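Okay, here's what each chain looks like letter by letter:
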Amino acid sequence: MSATVYVSRGRRRRRRAMAVLVLLLAGLTSWRAAEALAPAPATPSVAVSARGWASVDWPAQGAAAASLGHGHVHVSGSTQPSPIASLAKVMTALVVLRSRPVSAQDPGFTITITSDDVADTERRKADGQSVVAVVSGEKLTERQALQALLLPSANNIAVALARAVSGGVAAFVDEMNAAARRLGMTSTRYTDPSGYDPGTVSTAHDQLLLARAAMRIDAFAAIAAEHSAVIPQAGIVRNTDRLLGQDGFIGIKTGSDQAAGGCFMFAARSYNKRQIVYGVVLGQRDGPLIPAALDAARRLADTVRAAFG
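Just so it is clear, the structure is predicted and the values come from calculations on it, not from any experiment.

Draft legend 1. Structural view of the sheet that holds strand S1 (residues 63-68). Read from one edge of the open sheet, five strands run S2-S1-S11-S10-S9, paired in antiparallel fashion. Both edges of this open sheet fall to strand S2 (74-77) and strand S9 (249-257), since each of them pairs with a single strand only. Each strand of the sheet is rotated relative to its neighbour by a mean of 10°, with strand direction disregarded. Bridge count for S1 against strand S11 (residues 276-284) is six bridges, and the pairing is antiparallel. When the bridges of S11 are listed, Ala-63 appears paired with Leu-282.

Okay, structure coming up:
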């Protein structure tokens, strides 16, 4: 009797095991069938993205970088560090604003122009550098100094801001390089706060990282979007960014000299206004330097926006 019970129980176990196996095989077959019928979302999106960036009108010379918002940075052209001229002033502004923020209600610290500042301005003016007029004893708020720095691109004010924040140019440049390292700008070296020194070098990729960081600061974005400003001694100063306010362009900074060529760091709204296109062009030399950089940037921005809406 006991042997019969043992056999019966064994048969029941085998039947249950077979039933479970059948169910598992049926489920696996159904899952595979569903998988075959379902779309694979990753592959088409990657392909569309690749086709989009392949259609972008990258500059034929120099270097360039672009991104949609804070997404992947796409680059074209040279990846070697090169002079960046006045794009260096974006880092100068970032260091200043992180040291002492400003707002619509708070214009920040005050700079008093000294006789040394006046002498420095005259030397730079004689050298053909971009400056704004200053007089000894003149007082500039931090906001006014940043306007003079970013709109007409005043080299003399870059030095005055460096002294005001760090007590000297060398210490301020150290802060610029420390900020670059924190942003992951591994191919960047600053040697002066204005970018006039050709030893200040970077890449389009690194400058795009800076552009995105700077535009996160509301005060910076507001100043970069100004067409003009009034400075006590200099009077009305105007933004060198001639694309500002056209076709969604909202900034950021031009730069040019013989070492750097024409350079432009920009931000522009996408056609659907849901994203910001960030871009940088360096080393443009097809005609007058700043117009060459602006033209290359416009083509780059327009084709990115056309490709991605």
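Picking up where we left off.
Draft legend 2. Broad picture of the layout of surface pockets. Taken as a whole, the largest pocket holds about 250 Å³ of empty space. Considering the residues around the largest pocket, the lining is formed by 19 residues, among which Ser-86, Ser-130, Asn-155, Ser-256 and Asp-257 are closest to the centre. The class makeup of the residues in the lining of the largest pocket is four nonpolar, 12 polar and three charged.

Draft legend 3. Quick look at the pattern of salt bridges. Scanning all chains against the criterion turns up eight salt bridges. Residue Arg-163 pairs with Asp-117 through a salt bridge whose shortest N-O separation is 3.0 Å. Here Arg-163, found in helix H6 (residues 155-166), pairs with Asp-117, found in helix H4 (residues 115-126); they are 46 residues apart in sequence, far enough to count as distant. Assessed through its relative accessible area of 10%, Asp-117 is described here as buried. When the shortest N-O distance is used, the salt bridge between Arg-298 and Asp-247 registers 2.7 Å. Remark: Asp-247 occurs in the loop between strand S8 (235-238) and S9 and Arg-298 occurs in helix H10 (residues 289-308); sequence separation between them is 51 residues. Judged by its relative accessible area of 24%, Arg-298 falls in the partly exposed class.

Draft legend 4. Quick look at the side chain of Asp-192. Here Asp-192 shows up in the loop between helix H7 (169-182) and strand S6 (201-202). Only 3.0 Å separates the side chain of Asp-192 from the backbone nitrogen of Gly-195, close enough to count as a polar contact. At 3.0 Å, the side chain of Asp-192 and the backbone nitrogen of Tyr-196 are in polar contact. Dropping the residues within four chain positions of it, Asp-192 is found in contact with Val-173, Met-176, Asp-197 and Thr-200.

Draft legend 5. Spatial organisation of the nonpolar core. Core analysis: the biggest nonpolar cluster contains 65 residues, and Met-91, Ile-157, Tyr-190, Phe-220 and Ile-252 have the highest contact counts within it. Leu-243, Phe-249, Phe-264 and Ala-268 belong to the second largest nonpolar core, which has 20 residues in total.

Draft legend 6. Highlighting the side chain of Glu-138. With respect to the helices, strands and loops of the structure, Glu-138 is situated in the loop between H4 and strand S5 (139-141). Buried and without a salt bridge, Glu-138 has Lys-139 as its closest oppositely charged side chain, separated by 11 Å. In this structure the side chain of Glu-138 is engaged in a polar contact, spanning 3.1 Å, whose partner is the backbone nitrogen of Gln-233. In this structure Glu-138 touches Ile-111, Thr-112, Ile-113, Ala-133, Ile-231, Pro-232 and Gln-233, once residues within four positions along its chain are discounted.

Draft legend 7. How the structure looks around the packing of helix H3 (residues 88-99) against helix H5 (residues 142-150). One way to put it is that H3 packs onto H5 with a least axis distance of 10 Å and a crossing angle of 170°. The orientation of H3 with respect to H5, classified from their angle, is roughly antiparallel. Facing Lys-89, Thr-92, Ala-93, Val-96 and Leu-97 of H3, the residues of H5 in contact are Glu-142, Leu-146, Leu-149 and Leu-150. Here the residues of the contact of H3 with H5 are counted per class, giving six nonpolar, one polar and two charged.

Each value, and the rule that gives it
- Counting from 1, residues in each chain are numbered in the order their sequence is written.
- Where local features are concerned, this predicted model is filtered to residues with pLDDT of at least 70; where side-chain atom pairs are given and counted, the filter is 80 or more; whole-chain, interface and lining totals use all residues.
- Based on all heavy atoms of the structure, the side-chain values leave hydrogens and waters out of the count.
- When DSSP locates at least two bridges between a pair of strands, those strands are taken to pair.
- The numbering of helices and of strands both runs from the N terminus, where a helix is a DSSP run of H or I of at least 4 residues and a strand a run of E of at least 2.
- Axis lines are fitted through C-alpha atoms, for helices just across the contact stretch, and the angle between N-to-C directions can take any value from 0 to 180 degrees.
- A 1.4 Å probe that fits but cannot get out identifies a cavity on a 1 Å grid over protein atoms alone, an open set with protein on both sides within 12 Å along at least five of seven lines counts as a pocket, and a residue lines either if it has an atom within 4 Å of a point.
- Grid points are joined across faces, edges and corners, and a volume is the space filled by probe spheres set on the points.
- As a working rule, the residues Ala, Val, Leu, Ile, Met, Phe, Trp, Tyr, Cys and Pro are called nonpolar, Asp, Glu, Lys and Arg charged, and the rest polar, with Gly in that last group.
- Salt bridge, as used here: a side-chain nitrogen of Lys or Arg that lies within 4 Å of a carboxyl oxygen of Asp or Glu.
- For the exposure calls, accessible area comes from a 1.4 Å probe over protein chains only, and a residue counts as buried if that area is under 20% of its type's maximum, exposed if over 50%, partly exposed in between.
- Nitrogen and oxygen atoms within 3.5 Å of one another constitute a polar contact, given that in protein one can donate a hydrogen and the other can accept it, and given that sequence-neighbouring residues count only through two side-chain atoms.
- Contacts are assigned to residue pairs that have any heavy atoms within 4.5 Å of one another.
- We call a set of buried Ala, Val, Leu, Ile, Met, Phe, Trp, Tyr and Cys residues a nonpolar core when their side-chain atoms join them within 4.5 Å.
- His is not counted, nor are the chain ends, whereas Lys and Arg count as positive and Asp and Glu as negative.
- Angular relationships are summarised with four words: roughly parallel below 35 degrees, roughly antiparallel beyond 145, roughly perpendicular across 65 to 115, and oblique for the angles in between.

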